[in-house]
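# Examination of the molecular architecture
Chain by chain, the residues run as shown.
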Amino acid sequence: MATTVTNIEKLVGKRIRRKEDPRLITGTATYVEDIKLPGMHHAVIVRSPHGAANIKGVDISKAAALPGVAAVFTGADITGVGSVVCGADLPGLRKPVHHILAQSRVYYVGHPVAVVVATDRYIAADGADLVEVDYEVTQAVTDPEKALAEGAPAVHPEWPDNKAFVFLQKGGDMEKAFADAEVVVKQRITSQRLVPNAMETRGVVADWLQAEHSLTLFTSTQIPHLARTILAGQLGIDENRVRVVAPEVGGGFGSKLNVYAEEALMGFISRKIGKPVKWIESRRENFLVTIHGRGHVDYFEIAAKRDGTILGLKLKLIQDLGAYHQLLTPAIPTLSVLMMPGLYNFRNIDAEVIGTFTNCVPTDAYRGAGRPEATHGIERMVDLLAAELNMDPAVIRFKNFVQPDQFPFPTATGLNYDSGDYGATLQKALDTIGYDDLRKQQAAARLEGRLMGIGISTYGELCAFGPSPATPAGGWESATVRVEPSGKVTIHTGTSPHGQGQETSFAQLAADELGVSMDDIVVLHGDTSVIPYGIGTFGSRNTAVGGPALFYALQDIKEKVKKFGKMLLKSENVVFENGKCTCQVSGKEVTFQTIAGAAYRAMQLPPDTDPGLVATKFWEPSNFAFPFGAHIIVSEVDRETGQIEIKRYVAVDDIGNQLNPLLVEGQVHGGAAQGLGQALWEHGIYDDNGQLMTGEFMDYAMPRASMMPWVECSHTTTPSPVNPLGVKGVGEAGTIGSTPAMVNSVMDALMPLGIRHLDMPLTPEKVWKAINGAA
Amino acid sequence: MIANAFEYTAPQSLDEALGLIAGGAKPLSGGMSLIPMMKLRLAAPEHLVDLARLKELNYIREENGELHIGAAVTHYEVESSPLLLGKCPLLAETAAHIGDIQVRNMGTLGGSVAHADPASDYPAALQALEAGIVLRSAGGARTVSAKDFFIDTFTTALEPGEIVSEIVVPVEPGLTGTSYQKCKHQASGFAVVGIAVRARRENGVVSLIRVGVTGLSGSSYRAENVEAALQGVEPTGEAIRAAAGLVAHSVDASADMQASSEYRKHLASVYTAKAIHAALSRSA
Amino acid sequence: MTRAISLTINGKHYEHDVEPRLLLIHYLREVAGLTGSHMGCETSLCGACTVELDGKAIKSCTMFAVQANGANIVTIEGLASPEGKLHPMQEAFWNEHALQCGFCTPGMIMVSKQIVERNPSPTDTEIREGLDGNICRCTGYQHIVNAVRTAAKAGA
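Residues numbered from 1 in each chain as written. Chains lettered and ligands numbered in written order. Predicted model: local features only at pLDDT ≥ 70, side-chain atom pairs only at ≥ 80, totals over all residues. Heavy atoms only, no water.

This next bit is on the overall build of chain C. The helix and strand tally for chain C stands at 5 helices and 5 strands. Start at the N end of chain C and walk to the C end: the helices and strands fall as β-β-α-β-β-β-α-α-α-α. Its C-alpha atoms give chain C a radius of gyration of 15 Å, within 12% of the compact-globule value 15 Å for 156 residues. When the 156 residues of chain C are sorted by exposure, 69% land in the buried category. For chain C, restricting intrachain contacts to residue pairs at least 6 apart in sequence, the fraction spanning at least 24 positions comes to 55%. Computed over 13 positive and 16 negative side-chain charges, the inter-centroid distance for chain C is 3 Å. (Helix = DSSP H or I, 4+ residues; strand = E, 2+ residues; numbered from the N terminus. Rg over C-alpha atoms; globule rule 2.2 N^0.38 Å. Buried < 20%, exposed > 50% of the residue type's maximum accessible area, 1.4 Å probe, protein only. Contact = heavy atoms within 4.5 Å. Lys, Arg positive; Asp, Glu negative; His and termini not counted. Charge placed at Lys NZ, Arg CZ, Asp CG, Glu CD.)

This is the structure in structure tokens:
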């Protein structure tokens, strides 16, 4: 429940209901699909039904003849348009040229082959059905381990080993770690392909204005500025003549941290036909052609002493890349490597990542992007080690945590953890759930033959992306504070929130700093013609990078306000507080609003001061921020059916300071749902021919209300020293913490049967088979 | 996601509708199955005849010891009908398991039965209830038993030109207990298996038992071997377990990503036992 | 070939000639200009398109506009009073932070309204089952459950 807002009291830290919501709850928000432009045409894309095939011919004559069809384009028509951009680089990375329409070959089901443009979307759909493509089907390969096997079909014939890259990272002395080890535990752990499934699919409206040589492109994206830079390059239009607008965006979760073929394609079409054109992705297309997440096969080896001290961790990571690289595809598994040590104090790691092409849609950033896989890996390995040593999973974690006096803590993977008290967070979670008592209940349940499990996950993550050297396009963020002559405040943020709530939390911050009402503040984002260059929204960075940018811009405003205050109050002894400059000698006051007016009328100016009241700040973080937490799940497995019941879920997250705890809770809940989705239900399954077998909501199990447990949320607070707000970021925390807690819980339940490990998702049948195999 | 073009008629009477259907038009009722298939262009009927609002198909009434339910009655109406809740709670309970609120508000009993999706819920109940299904065409009407109606996946006893117009269920004395137990597909909500049981216990033994099965195979069926194993028997836990274990005997069980045929058969026996227990516990 | 339909949406009368294959969701969004209801899937499984038709919550992506001839429809745009006073369910969604990206929200509010109309004091389990035809990818549903419970208590 939100508290209501009154001015003067500080707003940061309060549960304030969102400024975004009135338009969203009344159905008056504008998403891409809601945009209608005069003369607008509609595009429907013809896509490959095959995982791998040569295109022998495309016959568009019937489609082109259909009344209402304005144009049909195929791969032959798009010469001159740049290919889809991959922004990541690794030594020796093989980058296939990724045309916006297939040329002579298709590489995955859904690969765009042709596009039909018509006056009406129904006609465009009819036209797409009339395009005849002659395919010569070839053998596909969809399993990354099969793709690496000798004699596997080559996804790209020029690289018969299907390897896009091999990335190695070592830290410490692994040979010594394994020589010193008294116990080594090995396990193959997969992180299955997931379909992000933002509820709003992607969509684009492109509008070329020939007279201006300019393109306006409305697109459902998390990165409008990066999209503009990339699209300008692909289409050969001056960057300042491309306007990208991310209107209301209906969820992204990383899937819209990308610039897709369709965005350039619509720009190309609008320019060709001289009309605006709209493309709205169907859900089926969203399953088939918007990036997937995860897609790991991991081989872990953990070395330890018998007392539970972890000495080192080895990882061989086979990343299913899909057929192409999207914006960040090859970089994602390297994030897994960075976070492979988790919250633990060992200094020896050895990782090999094999980026593998398959005839599937590319994988890329999906909520957590590499860190959920890493956390699942280390948290499973710690539990397996605990089981091997007959130790309590909580005890082994306490024993290995990085300690509070070790920060900043340099990890074996080259990171520098900013701050934390991992033990305190776990202890709080254990106390909240009543751990000792639960273990007694579990012992009693086991005597009755019931399969009760208690699963712990203590996760860490790197977020607040990030220092620029670690982020391909720059890791800073921008903010502009524009005080209008009336004293009303307009904020421009370079982040591109789409549900996270920065229109509210940034207004809270600004209201506190400037002493104005939240109602007097408007936060704008997502339009490159209005907002100074920004990086966008991903990697839990809105508050942790965009927030400090705003904070510093506000400080500049306050400085200038004070200058005007001093001038108007004719005193050097002036403070600016609660929206007023006050002379500490005379007690005279002048309001923020009066000062704003004076700054624009400029009848008189303070020394060395320009008129106006606007400040822009580009802020570069010196480090990532590292939130952490402890999630504990109690479950019971039905021996007869393998069905899993979640009895309790306690989440204690430490994300540093919180601007708005109501919004933080929402992020944790949503993250937990996606994490449980991976643990229990969701799986993007390709068959050997490249067909996505779970390519609709009919087959792909999304978390629904009745499937979700009540999540008991609480927090510890360790401010981050990286930024002046002390915030860390919460966008991905729930997703990262929940998955291993769930799987560890089920594995704990099954432990009396001698079952060590099962791969996700833990479907009832998989669990049932394991129970029967063990019996 | 855009259907092929078609012609649409909202007839004024059942006779008009049947005339059009005799001419090859396809009946549309709630559309919960047909419209998604049309949008995916897996179905492309040329002419739809909308039965949903025909008064002649919208009724639930009791006559001569039988309940008569018109085909265009929605799942929500079945689920919430005081008459059915009182006199045929199994059908109401089963309807409440279908899809979701919105689907139950639109989807109709007749439409669902005629579509004969092997994972739909009603067939289990209709088998257990030994319901009659009235099939009507321009030429007249006939009644077939649920057992004879459901033949295979999307295949029924319907002849060209016929529609399902009514479901007939005999009203039973209050002694009988019923239950529908469903293992829900995690993605679609359809039945992985669904078991409907109608049973009566008298003098400590099972005096009546009917078991209807859906989801397990291409068609719903009556598990007569389970029924035979319990008829006249004291329903101990062991007896029920043993009888339920027969439910999938010699059945060619379906397999999909949610459940292999082996697991599906196992689930069928587990849910059969659950449904028998629940039905008997409700038997007076 | 088109057919004439006439219907009432949010208290206003509409008459149009439409192609029989025009989905109700497209009619509402593109013909009537009411873009609050959203299309989230094609298979009737996400509920983002939920509107009220003659008092019943239905998925407007799984109905042709011609089927709605003569119907009385209420969409998300019709819930608040003409003066802008929010419906209690809208107010509850706002207060409880029951939405993030907002795309599923119109459908969620419309089905929640039906849940409470039919069951004025639902348990959390009943609320969750009632929401099962609607997918939200952002919230994990917990705040939505809070909102429906709160609205029910407020007599929504």
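The next subject is the interface of chain A and chain B. A common measure of how large an interface is: the accessible area buried when the components associate. On the chain B side, the residues contacting the 26 residues of chain A number 21 residues. Together, the buried faces of chain A and chain B total about 2,000 Å²; carbon and sulfur atoms form 58% of this surface. Along the contact surface separating chain A from chain B lie 2 salt bridges. Between Arg41(B) and Asp129(A) there is a salt bridge, with the nearest N and O atoms lying 2.8 Å from each other. Counting across the interface, chain A meets chain B through 8 residue pairs in polar contact (both at pLDDT 80 or more). Element by element, the count of residues in the side of chain A that touches chain B is highest for helix 3 (residues 121-130) of chain A, at 5 residues. Residues that form the side of chain A that touches chain B fall into these classes: 13 nonpolar, 4 polar and 9 charged. (Buried area = accessible area lost by both parts, 1.4 Å probe. Salt bridge = Lys/Arg side-chain N within 4 Å of Asp/Glu carboxyl O. Polar contact = N/O pair within 3.5 Å; in protein donor to acceptor, adjacent residues only side chain to side chain. Nonpolar A, V, L, I, M, F, W, Y, C, P; charged D, E, K, R; others polar.)

Our focus in this paragraph is the environment of Gly204(B). Residue and element names in this part refer to chain B. Within the secondary structure, Gly204 is located in the loop between strand 12 (191-202) and strand 13 (205-214). Taking the relative accessible area as the measure of exposure, Gly204 reaches 36% and is therefore partly exposed. Sequence-distant contacts of Gly204, defined by excluding residues within four places in its chain, comprise Val233, Glu234 and Pro235.

Before going further, it helps to spend a moment on the interface of chain A and chain C. Between chain A and chain C, the contact holds 56 residues from the first and 53 residues from the second. For the pair chain A and chain C, the two sides together bury roughly 4,800 Å², of which 53% comes from carbon and sulfur. A per-residue breakdown of the area chain A buries against chain C is headed by Ile25(A), Tyr122(A) and Met199(A), which together make up 17% of the total. Where chain A packs against chain C, one counts 5 salt bridges. Among the ionic pairs, Arg137(C) bridges to Glu682(A), the shortest N-O distance being 2.7 Å. Viewed at the interface, chain C and chain A are joined by 36 residue pairs in polar contact (both at pLDDT 80 or more).

This part is about the domain arrangement of chain C. Residue and element names in this part refer to chain C. By the assigned domains, chain C splits into domain 1 (3-78) and domain 2 (88-153). Using only C-alpha atoms to locate each centre, domain 1 and domain 2 end up separated by 21 Å. Listed by partner, the interface residues are 18 residues for domain 1 and 16 residues for domain 2. The contact between domain 1 and domain 2 buries some 1,200 Å² in all, and 56% of this surface belongs to carbon and sulfur atoms. Looking only at domain 1, the three residues that lose the most surface to domain 2 are His38, Thr50 and Ile76, adding up to 38% of its buried area. Applying the counting criterion to the domain 1 and domain 2 interface returns 1 salt bridge. A salt bridge links Glu52 to Lys113; the shortest N-O distance between them is 2.4 Å. At the surface where domain 1 touches domain 2, the tally comes to 8 residue pairs in polar contact (both at pLDDT 80 or more). If you list the elements that add at least two residues to the side of domain 1 that touches domain 2, you get strand 3 (50-53) and strand 4 (56-59). Here the residues of the side of domain 1 that touches domain 2 are counted per class, giving 8 nonpolar, 7 polar and 3 charged. (Domains from an automatic or database assignment.)

Considering all chains together, one arrives at 70 salt bridges over all chains under this definition. Put simply, Lys580(A) and Glu589(A) hold a salt bridge, and the shortest N to O gap is 4.0 Å. Two residues, Arg198(B) and Glu172(B), come together in a salt bridge whose shortest N-O distance is 2.3 Å. Placement of Arg198(B) in strand 12 and of Glu172(B) in the loop between strand 10 (163-170) and strand 11 (177-184) is noted, with a sequence separation of 26 residues between them. Overall, the relative accessible area of 7% leaves Arg198(B) in the buried class.

What follows covers the nonpolar core. Among the nonpolar cores identified, the biggest contains 216 residues, and Leu265(A), Met266(A), Leu750(A) and Phe93(C) are the most heavily contacted of them. With 9 residues, the top contributor of residues to this core is helix 18 (residues 733-750) of chain A. Setting aside its immediate chain neighbours within four residues, Leu265(A) contacts Ile45(A), Ile78(A), Ile100(A), Leu101(A) and Val115(A). In terms of nonpolar packing, the next biggest core, distinct from the first, is built from 75 residues, Ala71(B), Ala128(B), Phe150(B) and Leu24(C) among them. (Core = buried A, V, L, I, M, F, W, Y, C linked by side-chain atoms within 4.5 Å.)

This part covers helix 18 of chain A. In this model helix 18 of chain A runs 27 Å from its N-terminal to its C-terminal C-alpha over 18 residues, within 8% of the 26 Å that 1.5 Å per residue would give. For helix 18 of chain A, the tally of buried residues reaches 18 of 18 residues, placing the bulk of the element in the interior. (Expected span 1.5 Å × (residues − 1).)

All names here are of chain A. Among the structural elements, Thr537 can be located in the loop between strand 21 (521-524) and helix 15 (542-569). Engagement of the side chain of Thr537 in a polar contact is seen with the side chain of Asn542, the distance being 2.6 Å. Not counting residues within four places of it along the chain, the set of residues in contact with Thr537 comprises Gln222, Thr495, Ser496, Pro497, His498, Gln500 and Asn542.

This part is about the sheet that holds strand 3 (residues 47-50) of chain B. Sheet strands associate in pairs through backbone hydrogen bonding, adopting either a parallel or an antiparallel arrangement. Residue and element names in this part refer to chain B. One open sheet accounts for 3 strands, arranged 1-3-2; its pairing is parallel. Of all strands in the sheet, those with a lone pairing partner are strand 1 (7-9) and strand 2 (26-28), marking the two edges. The sheet shows a mean angle of 30° between the axes of neighbouring strands, taken without regard to direction. Pairing of strand 2 with strand 3 involves 3 bridges; the strand directions are parallel. By the bridge assignment for strand 3, Pro27 is matched with Val49. (Pairing = 2+ DSSP bridges. Axes fitted to C-alpha atoms, helices over the stretch in contact; angles between N-to-C directions.)

Bringing the packing of aromatic side chains into the picture now. Two descriptors summarise a pair of aromatic rings, namely the distance from one centre to the other and the angle between the planes of the rings. Counted according to the given criterion, the structure contains 24 aromatic pairs over all chains. Here the aromatic rings of Phe287(A) and Tyr700(A) are separated by 5.4 Å at their centres, their planes lie at 70°, and the arrangement is edge-to-face. On the criterion of sequence distance, the pair formed by Phe287(A) in helix 8 (residues 283-289) and Tyr700(A) in the loop between helix 17 (661-681) and strand 28 (711-715) is long-range, its members being 413 residues apart. Tyr700(A) shares its class with Phe287(A); the two are buried. For the ring pair Trp476(A) and Phe618(A), a centre distance of 4.9 Å and an interplane angle of 40° mean the geometry is tilted. Of the two residues, Trp476(A) sits in the loop between strand 18 (451-460) and strand 19 (477-483) while Phe618(A) sits in strand 25 (residues 614-619), which places them 142 residues apart along the sequence. Members of the aromatic cluster, each reached through a chain of ring pairs, are Tyr344(A), Phe398(A), Phe401(A), Phe407(A), Tyr422(A) and Phe628(A). Here Lys314(A) stacks its cationic end above the ring of Phe178(A), 4.3 Å away from the centre of that ring. The ring of Tyr76(B) has Arg118(C) lying over it, and the distance from NZ or CZ to the ring centre is 3.3 Å. (Phe/Tyr/Trp six-rings, centres within 6.5 Å; stacked < 30°, edge-to-face > 60°. Lys NZ or Arg CZ within 6 Å of the ring centre and 35° of its normal.)

With that out of the way, let us pick up the domain arrangement of chain A. All names here are of chain A. Here chain A is partitioned into domain 1 (21-29 + 476-619), domain 2 (38-138 + 201-249 + 256-289) and domain 3 (296-466 + 623-774). For domain 1 and domain 2, the distance between their C-alpha centroids amounts to 39 Å. Listed by partner, the interface residues are 17 residues for domain 1 and 17 residues for domain 2. Taken together, both faces of the contact between domain 1 and domain 2 bury some 1,400 Å²; the carbon and sulfur share is 53%. Area buried by domain 1 at its contact with domain 2 is led by His498, Thr528 and Tyr533, which between them contribute 42% of it. Counting the contacts that link domain 1 with domain 2 gives 2 salt bridges. The salt bridge partner of Asp527 is Arg243, with a shortest N-O separation of 2.7 Å.

Turning our attention to the environment of Asp383(A). Residues and elements named next belong to chain A. Among the secondary structure elements, Asp383 is positioned in helix 10 (residues 371-389). Taking the C-alpha atoms as reference, Asp383 lies 9.1 Å from Met747; in sequence the two are 364 residues apart. Aside from chain neighbours lying at most four places away, what touches Asp383 is Pro393, Arg397, Ile456 and Asn744.

We now examine the packing of helix 17 of chain A against helix 18 of chain A. All names here are of chain A. Orientation of helix 17 relative to helix 18, taken along the N-to-C sense of each, is 40°, at an axis distance of 7 Å. It follows from the interaxial angle that helix 17 and helix 18 lie oblique. Our pair here, helix 17 against helix 18, has a crossing hand that is right-handed. Counting all contacts with helix 17, which are made through Val668, Gly671, Ala672, Gln674, Gly675, Leu676, Gln678, Ala679 and Leu680, the residues of helix 18 involved are Gly734, Thr735, Ser738, Thr739, Met742 and Val743. Looking at side-chain class alone, the contact of helix 17 with helix 18 contains 7 nonpolar, 8 polar and no charged residues. (Parallel < 35°, antiparallel > 145°, perpendicular 65-115°, else oblique. Left-handed = near helix turned anticlockwise from the far one by under 90°.)

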